[in-house]
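What the coordinates show
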Amino acid sequence: MTFNPFKFAAPATFYPLAGRLIPWFWALTVVPLALGLYWGFFQTPDQLGGSNAQKEYYRIIFVHVPAAWMSMWLYVVMVFWAALGLVFNTRLSFMMANAVAPTGAIFTFLALWTGAFWGRPSWGTYWDWDPRLTSELVLFFMYLGYLALNAAIDDQRRADRAAALLAIVGLVIVPVIYWSINCPDPNQCAALHQRSDLTRIEGNILFAMLTMTLAFWMYAFAVSLMRLRTLILEREAEAIWVQELVGGRAIP
Amino acid sequence: MWSAFWCILQRDLRLGLRRRTEVLTALAFFMIVVSLFPLGVGTERQVLQILGPGVVWVAALLASMLALERLFAADYEDGTLEQLVLTPQPLSLLVLAKVAAHWLLTGLPLVVIAPVVGMQYHLADGQVGIMMLALMLGTPVLSLIGAIGAALTLGVRGGGILLSLLILPLYIPVLVYGAGAIEVSRIAIADAQPYLLLLAAFLLMALTLAPLATAAALKIALE
């Protein structure tokens, strides 16, 4: 028998697969998380030298930067599933988008929150209207809007499709965040954030940061799949296989 | 095809002008919000000159949003909207006509009344011109983006509050560049040009994409 990935587009077949994948994703979360935090906190240089001297507090970037990356990535992932759902009208795609959204919102919040904690000692303020901070805040509002619209409409089918459309419209904000620092002419956009450039980062710091990113990715997979399983059970509650699964009486 | 466009446009204008209070409410709201700020932050000439551009745009955003809720609501309630969706005409074109009528009734009056705001905030004559131009380019974008939100929240409980949550984040670029245009024109009028060009670019993009998204949202709402 050949492997057919489309088989798993049906909630009934995806549910057990997700159940088997979740422990693996948790394992893949915990190990890099422990390694990344250890490496970031103990194995990286004490402070950035030169004119940009920062003390131990710079280590918050090992949470802050991966969280900010994830906040943008997960929005793209959410839009991908939402668009797939609109085009092919598949139930599972919408559930996938719904399952990813809260995690994205949490990472956005985490990025903003850790940024504020970093900003206090290094910029002397919790909040500044730097373009990247502001656009990240807007991204947070987009997540909230998606979740609120989804919750406000009673008809699940309409809620899915309406929220998906909103997510697609909101996609315009992601490139804005990305290029809010790396804009073509640095003189035109004064910002407190440095230009991001992976090649200019010290090797140990980069290693810790990428390890943390991997951990966050796997965490996002794990919790999204867990949320997805709950969504499947909730929405397919009338289906026979769910009734059998939860031990209830099957509807004839 | 264009006759359908004109037909809807004329119909909505006529309906809007017959219920003048709705049109005037948005305008009165705009003027009241703008007038409240000097009372709250003090009436020094310098403060007002700095504050003016931002206040005008925030008030315009709120006024435009206030009126948006009614954009499709009446047609939705009496079933007209369903008929519009069923016509062989492209729905996005009909949406564009409705949004155009909406802008003529709620956005254009803001542009016309802008010089009064300019006086309140001691803006220079040239700045008032820039402000009118910026509003002229920016308020249609607000109506176009807002129409997407209005269509998405059609008939949803708590729609008004939800609409603000969905739409205000998308309004931010218009706010930034609209206020920016007025702000920089305080020093030199010509400095406002890039801001106005960007607003014009937003307008073109919104004109092409927003009606399509709104039409899709309406179809979802009516399914």
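Because the structure is predicted, anything quoted here is derived from the model rather than measured.

Below, the discussion takes up the interface of chain A and chain B. Of the residues lining the interface, 19 residues belong to chain A; the matching set on chain B comes to 19 residues. Between chain A and chain B, a total of about 1700 Å² is buried, with carbon and sulfur atoms accounting for 73% of that surface. When the buried surface of chain A facing chain B is broken down by residue, Arg-158, Leu-165 and Val-169 of chain A rank first, second and third, together holding 32% of it. The interface formed by chain A and chain B holds zero salt bridges in total. In this assembly, chain A and chain B are joined by two residue pairs in polar contact (both at pLDDT 80 or more). Of all the secondary-structure elements, those providing two or more residues to the side of chain A that touches chain B are helix H4 (131-152) and helix H5 (156-170) of chain A. In terms of residue count, H4 of chain A provides more of the side of chain A that touches chain B than any other element does, nine residues in total. For the side of chain A that touches chain B, the residue count by class is 13 nonpolar, two polar and four charged.

Now for the packing of helix H3 (residues 91-123) of chain A against helix H7 (residues 203-235) of chain A. All names here are of chain A. For the pair H3 and H7, interaxial distance at closest approach is 8 Å and the crossing angle is 135°. Classed by the angle they form, the pair H3 and H7 counts as oblique. Seen from above, H3 lies across H7 with right-handed handedness. On H7, the residues touching Leu-92, Met-95, Met-96, Asn-98, Ala-99, Val-100, Pro-102, Thr-103, Phe-107 and Leu-110 of H3 are Phe-216, Tyr-219, Ala-220, Val-223, Ser-224, Arg-227, Leu-228, Leu-231, Ile-232 and Arg-235. Among the residues forming the contact of H3 with H7, the class breakdown is 15 nonpolar, three polar and two charged.

Residue and element names in this part refer to chain B. Under the criterion given, the structure shown has one cavity of 30 Å³ or more. Of the pockets and cavities examined, the largest cavity occupies roughly 30 Å³. Lining of the largest cavity is provided by Ser-64, Thr-106, Gly-107, Leu-110, Thr-139 and Ser-143.

A few words on the packing of aromatic side chains. Residue and element names in this part refer to chain A. Overall, the coordinates contain 18 aromatic pairs over all chains when judged by the stated rule. Consider the rings of Tyr-38 and Phe-42, whose centres lie 5.7 Å apart with planes at 45°: the pair is tilted. Separated by four residues within a single helix, Tyr-38 and Phe-42 lie in helix H1 (residues 11-42), roughly one turn from each other. Residue classification places Tyr-38 among the partly exposed positions, given a relative accessible area of 42%.

Another aspect to go through is the side chain of Asn-150 of chain A. All names here are of chain A. Inspection of the secondary structure assignment puts Asn-150 in helix H4. Note on Asn-150: relative accessible area 13%, which makes it buried. When neighbours within four sequence positions are excluded, Asn-150 is seen to be in contact with Asn-98, Gln-156, Ala-159, Asp-160 and Ala-163.

Residue and element names in this part refer to chain B. Running from N to C, helix H3 (residues 45-68) and helix H8 (residues 125-152) point in directions that differ by 35°, and their axes come no closer than 10 Å. In this structure, H3 meets H8 at a crossing whose hand is right-handed. Mapping the contact onto sequence places Val-56, Trp-57, Ala-60, Leu-61, Ser-64 and Leu-68 in H3 and Met-131, Ala-134, Leu-135, Gly-138, Thr-139, Leu-142, Ser-143, Gly-146, Ala-147 and Ala-150 in H8.

Take the UniProt feature "transmembrane region" (unreviewed entry) in chain A next. Residue and element names in this part refer to chain A. UniProt records the feature "transmembrane region" (unreviewed entry) at residues 21-41, 61-87, 99-117, 137-153, 162-181 and 201-225, using the numbering of this structure. End C-alpha to end C-alpha, residues 61-87 measures 38 Å, and it is 100% helix and 0% strand. Within residues 99-117, the helical portion is 100% and the strand portion 0%, while the C-alpha atoms at the span's ends are 29 Å from each other.

Glancing now at the nonpolar core. Grouped together as the largest cluster of nonpolar side chains are 125 residues, with contacts concentrated most on Tyr-75 and Met-78 of chain A together with Phe-30, Trp-57 and Phe-72 of chain B. With 14 residues, the top contributor of residues to this core is H8 of chain B.

Turning our attention to the UniProt feature "transmembrane region" (unreviewed entry) in chain B. Residue and element names in this part refer to chain B. As recorded in UniProt, the sites labelled "transmembrane region" (unreviewed entry) are residues 21-41, 47-72, 93-118, 130-154, 161-182 and 194-218. Note that residues 21-41 is 100% helix and 0% strand, and that its end C-alpha atoms are spaced 30 Å apart. Overall, residues 47-72 shows 85% helix and 0% strand. The separation of its end C-alpha atoms is 40 Å.

Turning to a nonpolar patch on the surface, a few remarks are in order. Together, Phe-109, Trp-113, Phe-117 and Tyr-126 of chain A make up an exposed nonpolar region whose accessible area comes to about 470 Å². Within the secondary structure layout, Trp-113 of chain A lies in helix H3.

Calculation rules
Residues numbered from 1 in each chain as written. Chains lettered and ligands numbered in written order. Predicted model: local features only at pLDDT ≥ 70, side-chain atom pairs only at ≥ 80, totals over all residues. Heavy atoms only, no water. Contact = heavy atoms within 4.5 Å. Buried area = accessible area lost by both parts, 1.4 Å probe. Salt bridge = Lys/Arg side-chain N within 4 Å of Asp/Glu carboxyl O. Polar contact = N/O pair within 3.5 Å; in protein donor to acceptor, adjacent residues only side chain to side chain. Helix = DSSP H or I, 4+ residues; strand = E, 2+ residues; numbered from the N terminus. Nonpolar A, V, L, I, M, F, W, Y, C, P; charged D, E, K, R; others polar. Axes fitted to C-alpha atoms, helices over the stretch in contact; angles between N-to-C directions. Parallel < 35°, antiparallel > 145°, perpendicular 65-115°, else oblique. Left-handed = near helix turned anticlockwise from the far one by under 90°. 1 Å grid on protein atoms, 1.4 Å probe; cavity = no way out; pocket = protein on both sides within 12 Å on 5 of 7 lines; lining within 4 Å. Points joined across faces, edges and corners; volume = space filled by probe spheres on them. Phe/Tyr/Trp six-rings, centres within 6.5 Å; stacked < 30°, edge-to-face > 60°. Buried < 20%, exposed > 50% of the residue type's maximum accessible area, 1.4 Å probe, protein only. UniProt positions renumbered as here; feature names shortened; annotations may be inferred. Core = buried A, V, L, I, M, F, W, Y, C linked by side-chain atoms within 4.5 Å. Patch = residues over 30% accessible without salt bridge, like charges linked within 9 Å, V, L, I, M, F, W, Y side chains within 5 Å. Areas by Shrake-Rupley, 256 points an atom, 1.4 Å probe, with all protein chains shown as cover.

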